[in-house]
Structures are given as structure tokens and as C-alpha cells.
Amino acid sequence: MTHENIVRLVDHIKIDESTVVCHFKCEETNKSIVSAVPFEPYEGKIVLSWKDILFHPLKSYNRYYHTPITIYGNESQNTIVLKAFKQVSNNFIWNQQKQKYICN
């Protein structure tokens, strides 16, 4: 599962304050598969304790809203698009002959 092969399937991405919705579209079948993942860093959740929020509200705000997040990119294997694809990967099969994912 390489990032280049997955990015080829991305039709469009919708981002709101808490969710990233990736629409993957198969060129062969013209079928779309939708995957929604939390808008958070790939490596894990941003956890803030109530003490952090109460005693350090500005620092907590900045930590939550300004944590760098990579939606997609060839230089990183830890991206939101890859996380979203893994959720729906059972809907795709790898076609060795065409060297691409095809919708079941």
C-alpha cells in the first residue's frame, strides 16, 4: 500500500473542524467510497486534561488547534488520507496487472 497509489483514488476531501471526509473514486467502476476520520494528528489524539484547559487555556487552545496535520503528501506515510483509506481498504483490491486499486 503506497501513498501514490492511494492518492490517485482521491476524488475530493471535505474538512470541517472535527472531521476529514475522504471520497475515494475508482476509475474502473466509477464507484465512490467515503471514509470519515477525526481531524487530528495521525499518530494519536491530542489529549488535554481539565487542569490544562482550566489553568492554561491559551496554551491548550494553541496545542489543540495548531498541531500540524498532514492531509496528504508523498514525503510522509503518516497522513490523514492513508488513515482514511485503511478504514475502507476492504472495498478495494490491488490489480497487479494494472498496478492500481480497483473497487470490489
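Scroll up to find the structure.
The sections below set out a description of the structure shown in this document. Only a predicted model underlies this, so the values are computations on that prediction, with no experimental measurement involved.

Quick look at the overall build of the protein chain
Here comes step 1: Helix and strand counts for the protein chain come out as four helices and five strands.
Here comes step 2: Along the protein chain, helices and strands appear, N-terminal first, in the series α-β-β-β-α-α-α-β-β.
Here comes step 3: For the protein chain, with 104 residues in total, the buried portion stands at 33%.
Here comes step 4: Surface summary for the protein chain: the accessible area is close to 7,000 Å², and the carbon and sulfur share equals 52%.

As for unusual backbone geometry
Here comes step 1: Look at N30: it is not a glycine, yet its phi comes out positive at around 60 degrees.
Here comes step 2: With respect to the helices, strands and loops of the structure, N30 is situated in the loop between β2 (19-25) and β3 (32-38).
Here comes step 3: The class for N30 is exposed, based on a relative accessible area of 54%.
Here comes step 4: At Q99, a residue that is not glycine, the phi angle is positive and equals roughly 55 degrees.
Here comes step 5: Position of Q99 among the secondary structure elements: in the loop between β4 (92-95) and β5 (100-103).
Here comes step 6: Take Q99: its relative accessible area is 38%, and that puts it in the partly exposed class.

Some words on the packing of aromatic side chains
Here comes step 1: Summed over the entire model, instances satisfying the criterion amount to four aromatic pairs.
Here comes step 2: Here a set of aromatic residues connected by ring pairs shows up, and it is made of F24, F85, F92, W94 and Y101.

Looking at the side chain of N5
Here comes step 1: In this fold, N5 is placed in helix α1 (residues 3-7).
Here comes step 2: For N5, a relative accessible area of 16% corresponds to the buried category.
Here comes step 3: Leave out the neighbours within four places in its chain, and N5 touches W94, Q99 and Y101.

Looking at the sheet that holds β2
Here comes step 1: Pairing within the open sheet is antiparallel, and its three strands lie in the order β1-β2-β3. Unpaired on one side and paired on the other, β1 (10-15) and β3 mark the two borders of the sheet. Recorded for the sheet is a direction-independent mean angle of 15 degrees between the axes of neighbouring strands.
Here comes step 2: Bridging between β1 and β2 involves five bridges; their strand directions are antiparallel. Paired with H12 across the strands is H23, a residue of β2.
Here comes step 3: Of the strands in this sheet, β1, β2 and β3 are in contact with helix α4 (residues 80-88), which crosses β3 at around 120 degrees.

What to know about the pairing of β4
Here comes step 1: By the bridge criterion, four bridges tie β4 to β5 in an arrangement that is antiparallel. Residue I93 lies in a different strand from β5, and its bridge partner there is I102.
Here comes step 2: The antiparallel pairing of β4 with β5 creates a hairpin that spans four residues between the two strands, and Q99 there sits at a positive phi of about 55 degrees.

Parameters and conventions
- Residues numbered from 1 in each chain as written.
- Predicted model: local features only at pLDDT ≥ 70, side-chain atom pairs only at ≥ 80, totals over all residues.
- Heavy atoms only, no water.
- Helix = DSSP H or I, 4+ residues; strand = E, 2+ residues; numbered from the N terminus.
- Buried < 20%, exposed > 50% of the residue type's maximum accessible area, 1.4 Å probe, protein only.
- Areas by Shrake-Rupley, 256 points an atom, 1.4 Å probe, with all protein chains shown as cover.
- Phe/Tyr/Trp six-rings, centres within 6.5 Å; stacked < 30°, edge-to-face > 60°.
- Contact = heavy atoms within 4.5 Å.
- Pairing = 2+ DSSP bridges.
- Axes fitted to C-alpha atoms, helices over the stretch in contact; angles between N-to-C directions.

Everything listed here is a matter of coordinates, which is why it stays silent on function.
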